[in-house]
Amino acid sequence: MALLTFDDLAPGQEYTAGPITVTREAMVAFARDYDPQPFHLDEAAARDTFVGTLIGSGWQTAAFGMRLLAEALISRSTSMGSPGIDALRWIRPVLPGDQLSAVVRVEEVRASASKPDRGFARLSMTLTNASGDRVMTQAFAVMFARAGAVPQPRAVTTDVEVTPLPEAEEARDFPFLAEAEIGNVRDLGAHRFGADSIVGFAKEYDPQVFHLDPVTARATHFGGLCASGWQTAAVWMKRLHATFARDVAFTARSGPVPQLGPSPGFKDMRWLRPVYAGDTISYASQLTDRRASASRPGWGIATHHNTAKNQRGEPVFEFTGSVFWQWERPR
């Protein structure tokens, strides 16, 4: 079957995929690797949290969305990857045993003004459970090669020498949101992306050839094996929680520790450069705004801008997110 190209896409087209079942085992395994919050790990621990029950990580839900997107469209097309996500909303928690399905709609298409071998499609995706309830929506773009085009591989610079990971910053006091300093930047430390990890994540969530096989990847426009953008994002969460755990332990020695809740979503996620096998990526997060929650007394919503750069100091990733955060100290 011929692959769908940019020229085959038109506004109004819809593609469907699913269902896939989210098992408790897969949910907990992902949380252990990337998002070890109590409400993603254990039913008993979840009862005392903001959520009150075991739910899947939103980042895993987004990764399952990628798997369904691949089934619906990407794996039978000339996809060249996505430059980013305009907006994503987690509407309803994913529970153990939920069955997820996707509808992907083409909203707009435009040819590239600078590279005649490709074009961009603006897409929307809705994930639903078996009851038809929406669990996630996403607005994003994907780049596709045009009919007859063979995009040339880029030259890839890889670091042969493996240097030690940068030392993490010392632990800090973790404040309640009402006391948190707007503009504060927190270094989240670094992560080295190995080829085995990249391929393992891709097999589970993002089976595109430039994430799956080093030899095949060299012939694509990326020029080498690179990580799924969703793995880059999930590792941001991993580094956030590693830093959070140190800060919580430091704070607990002198007073109460605020809780964090789930995130309602994010916007303006940009994958600025590929993350190649062997790259060391350093992450940081800046608190940019806060407000008390109108719907959950005692809680607030924090807005944070997040960035990542590779070992050469080149930006590779950014997005603006939000999260529920305990507002003030118990009285």
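Structural data are supplied above this passage.
Residues numbered from 1 in each chain as written. Predicted model: local features only at pLDDT ≥ 70, side-chain atom pairs only at ≥ 80, totals over all residues. Heavy atoms only, no water.

**Focus: the overall build of the protein**
Scanning the protein from terminus to terminus reveals eight helices and 10 strands. For 331 residues, the compact-globule estimate of 2.2 N^0.38 gives 20 Å, and the C-alpha radius of gyration of the protein, at 20 Å, lies within 12% of that figure. For the protein, buried positions account for 47% of its 331 residues. For the protein, the share of sequence-separated contacts (at least 6 apart) that also reach a separation of at least 24 residues comes to 74%. For the protein, the exposed area adds up to about 15,400 Å²; of that, 52% sits on carbon and sulfur atoms. If you average the places of the 34 positive and of the 36 negative side-chain charges in the protein, the two averages end up 2 Å apart. (Helix = DSSP H or I, 4+ residues; strand = E, 2+ residues; numbered from the N terminus. Rg over C-alpha atoms; globule rule 2.2 N^0.38 Å. Buried < 20%, exposed > 50% of the residue type's maximum accessible area, 1.4 Å probe, protein only. Contact = heavy atoms within 4.5 Å. Areas by Shrake-Rupley, 256 points an atom, 1.4 Å probe, with all protein chains shown as cover. Lys, Arg positive; Asp, Glu negative; His and termini not counted. Charge placed at Lys NZ, Arg CZ, Asp CG, Glu CD.)

**Some thoughts on the packing of aromatic side chains**
Centre-to-centre distance and the angle between the planes together describe a pair of aromatic rings. Tallying each qualifying case throughout the model produces 21 aromatic pairs. Relative to Tyr205, the ring of Phe30 has its centre 5.8 Å away and its plane inclined at 85 degrees; by these criteria the two rings are edge-to-face. Residue Phe30 is found in helix H1 (residues 24–34), and its partner Tyr205 is found in helix H5 (residues 195–205); the two are separated by 175 residues along the sequence. Here Phe30 and Tyr205 have matching classes, each one buried. For the pair Phe317 and Phe319, a centre-to-centre distance of 5.6 Å together with 50 degrees between the ring planes defines the contact as tilted. Across the pair, exposure class does not vary: Phe317 and Phe319 are buried alike. By way of ring pairs, the aromatic residues Trp59, Trp90, Trp230, Trp236, Phe266, Trp271, Tyr283, Phe317 and Phe319 are connected into one cluster. (Phe/Tyr/Trp six-rings, centres within 6.5 Å; stacked < 30°, edge-to-face > 60°.)

**Let's talk about the layout of surface pockets**
Rolled over the atoms, a probe sized like a water molecule indicates the empty space that remains. Its volume calculated, the second largest pocket comes out at about 630 Å³. If you trace the second largest pocket, you find 38 residues lining it, with Met80, Gly81, Ser82, Pro83 and Phe222 closest to the centre. Looking at the lining of the second largest pocket, the elements that each hand over two or more residues are helix H4 (58–72), strand S4 (118–128), strand S5 (134–145), helix H6 (209–212) and helix H8 (229–252). Broken down by class, the residue content of the lining of the second largest pocket amounts to 21 nonpolar, 12 polar and five charged. (1 Å grid on protein atoms, 1.4 Å probe; cavity = no way out; pocket = protein on both sides within 12 Å on 5 of 7 lines; lining within 4 Å. Points joined across faces, edges and corners; volume = space filled by probe spheres on them. Nonpolar A, V, L, I, M, F, W, Y, C, P; charged D, E, K, R; others polar.)

**Structural notes on H5**
Within the sequence span of H5, burial applies to Ile198, Val199, Phe201, Ala202 and Tyr205. End-on, the buried residues of H5 take up no more than an arc of 165 degrees, which puts them together on one face. Of the exposed residues in H5, those oriented more than 90 degrees away from the buried face are Asp196 and Lys203. Lining the buried residues of H5 we find H1, H4, H6 and H8. (Arc of directions from axis to C-beta.)

**Considerations on the environment of Leu177**
Note that Leu177 resides in the loop between S5 and strand S6 (185–192). Linking Leu177 and Ile91, residues 86 residues apart in sequence, is a C-alpha distance of 23 Å.

**Here we look at the packing of H4 against H8**
The interhelical angle for the contact between H4 and H8, taken along N-to-C directions, is 175 degrees, at an axis separation of 10 Å. As judged from the angle between their axes, H4 and H8 are roughly antiparallel. When H4 is examined against H8, the residues Trp59, Ala62 and Met66 are found in contact with a partner set consisting of Trp230, Ala233, Trp236 and Met237. (Axes fitted to C-alpha atoms, helices over the stretch in contact; angles between N-to-C directions. Parallel < 35°, antiparallel > 145°, perpendicular 65-115°, else oblique.)

**Quick word on the nonpolar core**
Counting 68 residues, the largest nonpolar core has Trp59, Leu100, Trp230, Phe266, Met269, Tyr283 and Phe317 as its most contacted members. With nine residues, the single largest contributor to this core is H4. If we skip the residues at most four places from it in the chain, Leu100 touches Gly18, Pro19, Ile20, Val22, Phe64, Leu68, Val94, Leu127, Thr128, Asn129 and Val135. (Core = buried A, V, L, I, M, F, W, Y, C linked by side-chain atoms within 4.5 Å.)

**A word on the side chain of Gln231**
On the secondary structure map, Gln231 appears in helix H8. Within polar-contact distance, the side chain of Gln231 engages the side chain of Ser197 at 2.9 Å. Aside from chain neighbours lying at most four places away, what touches Gln231 is Tyr34, Phe193, Ser197, Ile198 and Phe201. (Polar contact = N/O pair within 3.5 Å; in protein donor to acceptor, adjacent residues only side chain to side chain.)

**Topic: the sheet that holds strand S9 (residues 299–309)**
The 10 strands are arranged S1-S3-S4-S5-S2-S7-S10-S9-S8-S6 in an open sheet whose pairing can be described as antiparallel. One side of each edge strand has no neighbouring strand; the edge strands of this open sheet are strand S1 (14–21) and S6. When strand polarity is set aside, the average angle formed by the axes of neighbouring strands in this sheet is 20 degrees. Bridge count between strand S3 (residues 99–111) and S4: 10 bridges; the pairing is antiparallel. Bridge pairing in S4 links Arg105 to Ser124. With respect to the sheet, H4 is in contact with S1, strand S2 (84–90), S3, S4, S5, strand S7 (265–271) and strand S10 (315–326), its orientation differing from that of S1 by roughly 125 degrees. Taken strand by strand, H8 contacts S2, S5, S6, S7, strand S8 (280–292), S9 and S10, and its axis lies near 120 degrees from that of S6. (Pairing = 2+ DSSP bridges.)

The values reported here are purely geometric and, on their own, carry no functional implication.
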